Structure formats: C-alpha cells, structure tokens
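So you can see what is in the structure, the chains are spelled out below.
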Amino acid sequence: MGRISRTLELAKASWQVLKADKELVLLPVLSLVATIAVAASFLAPIVLQGDATALDDPDGMTYVMLFIAYVVLAFVTIFFNAALVHAANERLEGGDPTVGSALRGAMLRVGRILPWAIVSATVSVILQAIRERGGFISQIAASIAGLAWSLVTFLVLPILVIENIGVMDAVKRSGSLFKRTWGENVAAQVGFGLLGFVIALPAILLAAAAFALGETIGMIGLVVAVLWILASAMVISALNGIFQTALYRYAAGMGSTGAFGDTELRAAFAPSGRSGFGPRGIAG
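Residues numbered from 1 in each chain as written. Predicted model: local features only at pLDDT ≥ 70, side-chain atom pairs only at ≥ 80, totals over all residues. Heavy atoms only, no water.

Enquirer: Sorry if this is basic, but what is going on with the pattern of salt bridges here?
Expert: In a structure, side chains of opposite charge can pair up when their charged atoms sit close to one another. Taken as a whole and assessed by the stated rule, the structure comprises four salt bridges. The residue glutamate 163 makes a salt bridge to arginine 173 at a minimum N-O spacing of 2.6 Å. A residue pair is termed long-range when its members are at least 10 positions apart, and glutamate 163 in helix 8 (residues 156-163) and arginine 173 in helix 9 (residues 167-212) qualify at ten residues. When its relative accessible area of 26% is taken as the criterion, glutamate 163 is described as partly exposed. Taking relative accessible area as the criterion, arginine 173 reaches 26% and is therefore assigned partly exposed. Linked through salt bridges whose partners overlap, the residues forming this network are Asp21, Arg91 and Asp96. (Salt bridge = Lys/Arg side-chain N within 4 Å of Asp/Glu carboxyl O. Helix = DSSP H or I, 4+ residues; strand = E, 2+ residues; numbered from the N terminus. Buried < 20%, exposed > 50% of the residue type's maximum accessible area, 1.4 Å probe, protein only.)

Here it is, written out as structure tokens:
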C-alpha cells in the first residue's frame with residue numbers, strides 16, 4: 001500500500017507540473033505530427049510505384065529499409081519524450097521550462113538518444129519476429145520478455161537526459177533503480193493504461209450512440225470521439241513522461257526544489273520506511 005500511495009503522490013506531482021506548464025502537451029502533439037510525416041515519407045514511394053506487394057513479400061533491401069524506418073520512427077518518439085523529460089526536470093528543479101528550452105535540451109542529447117533508438121528498435125523487431133513466427137509458447141514468452149524489458153528500461157530516458165551517460169550504462173542503472181521502485185513502476189504503467197481507457201470510454205460510447213441516431217450524426221460523433229481520444233492520449237503521454245522524470249528523481253534521491261508546495265514535496269518525494277530507502281531515497 002505504501003508503494004501505491006507513493007505512486008499516487010508522484011502522479012499528483014506530475015499533474016502539478018503539467019498544470020504549471022500546459023504548453024508541454026505540445027511535445028506529444030509534435031511527436032505525433034513528426035511520426036506521421038516520417039511514416040508517410042517511407043510509405044509514399046511504395047504507394048506511388050504501386051508496389052503494394054513489397055511489404056507482403058519483402059526482399060533483403062526492403063527489410064533494411066523497414067528497419068531504418070523503424071529506427072527513425074523510434075528516434076522521433078524518443079527525441080520528443082526526451083524533450084519532455086528535460087522540461088519536467090527543469091520544472092522540478094525550480095525552473096520555468098518552455099517548448100523551446102525542452103527541444104534545445106533534447107538536441108544536446110541526440111548523441112545519447114540515437115543509440116537508444118537503435119537498441120529499442122532492435123529489441124522491438126526481435127520480439128515482434130518471435131511473436132509472428134513462433135508458436136503459442138513463443139508468443140507468450142515474447143510478450144513476457146517485452147513487458148519485462150519495458151519495466152526494466154522505464155527510467156533509461158531520464159537517465160540519458162539528466163545523467164548524460166551511455167546507453168548500456170543507462171540500461172544497467174535503470175535496472176538497478178527498478179529494484180528500488182518496481183512497485184511504483186508497475187502501478188504507474190497499469191494506472192496510466194487504465195486512465196487512458198476510462199477517458200476514452202465516454203468518447204466510444206458517444207460515437208456508438210451517435211451512429212444509432214443516423215449515419216450523418218454518427219460521422220459527426222465519430223470525429224468528436226477521435227479528437228477527444230487524441231487529445232486525451234496527448235495529455236496522458238505528457239503525464240507519463242513527467243512521471244518518468246519524477247520517479248527517477250525519487251529513486252535517485254534528488255527530490256525537488258520548486259515545482260510544488262512543501263506538503264506536496266514531502267508526500268511525493270519522502271522515503272518510505274518499508275521500502276529500504278535511505279534519508280534521500282537511496283537504498284540503504
């Protein structure tokens with residue numbers, strides 16, 4: 001219960017950051033736009049050539065191009081997430097971040113972000129290949145491995161951005177911090193997933209009810225529902241990135257200096273007597 005309570009406090013802290021810097025929601029929006037643009041740039045030549053079978057029966061060069069596309073898409077996502085982490089960290093240190101300062105901070109870490117994008121894309125491709133070509137047991141094993149990888153590497157990005165160390169060192173450090181924060185980590189990932197579902201549910205029900213009233217009204221309801229879900233996804237994505245930063249700072253014993261009131265800070269970053277953390281959150 002202590003871990004769940006601490007997770008809730010860190011989530012509240014993340015919400016306070018987003019309330020103080022609402023423009024940070026623009027970073028997930030920019031990430032989505034850039035992702036669509038990159039995907040379109042890779043798919044456009046195939047569509048224009050009318051060679052849709054290239055993806056159904058790819059040759060060696062197609063596999064190479066698909067992997068490059070996967071890496072680029074991963075880089076785009078990670079880059080904007082890194083910008084969000086940089087902004088959240090600046091706010092938690094008492095600063096006043098902007099979208100510009102966040103993007104500049106991410107640019108300073110491109111040399112760290114690109115290798116992580118390559119590693120992340122490679123792992124994803126391997127796990128997906130196991131799911132598609134393996135049997136039922138292989139699919140289960142790949143799913144478990146994917147979940148374990150996402151949990152153990154949850155703090156890699158804040159570590160890369162804030163500590164500015166190499167990818168392998170960041171993965172090792174994230175794994176070490178995971179041992180201290182596994183409860184908060186799991187609770188957060190499950191919690192954000194449930195939050196997304198709860199927020200999206202009214203939009204889905206709205207679209208269904210609108211279609212029951214007629215096709216025209218249904219299309220309007222569908223557009224509203226899609227916009228609602230997209231907007232909600234952007235907010236949750238921003239909260240998730242901020243939470244990553246807050247959890248990292250908690251695990252590393254860094255605390256916060258200016259984002260919230262003293263009561264909120266004590267609740268969010270104070271160590272738990274049952275967690276084995278020392279005076280500043282470092283395991284003792």
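Enquirer: What is the right way to read the environment of isoleucine 130 from this model?
Expert: As for its position among the elements, isoleucine 130 is in helix 6 (residues 110-133). The contacts of isoleucine 130, once residues within four sequence positions are left out, are Ser138 and Ala142. (Contact = heavy atoms within 4.5 Å.)

Enquirer: Got a minute to help me understand helix 10 (residues 215-251) in this structure?
Expert: For an α-helix, the turn length of 3.6 residues means that residues three or four places apart are oriented alike. With 37 residues, helix 10 ought to run about 54 Å at 1.5 Å a step, and its terminal C-alpha atoms sit 52 Å apart, in line with that. Two residues or fewer past helix 10, glycine 253 is found with a positive phi of approximately 75 degrees. (Expected span 1.5 Å × (residues − 1).)

Enquirer: Hey, could you run me through a nonpolar patch on the surface in this one?
Expert: A cluster of nonpolar residues, Leu32, Ile36, Phe211, Met219, Leu222, Val223, Val226, Leu227 and Leu230, forms a patch on the protein surface that exposes about 760 Å² of accessible area. Contributions of two or more residues to the nonpolar patch are made by helix 2 (26-49) and helix 10. In terms of residue count, helix 10 provides more of the nonpolar patch than any other element does, six residues in total. Among the structural elements, leucine 222 can be located in helix 10. (Patch = residues over 30% accessible without salt bridge, like charges linked within 9 Å, V, L, I, M, F, W, Y side chains within 5 Å. Areas by Shrake-Rupley, 256 points an atom, 1.4 Å probe, with all protein chains shown as cover.)

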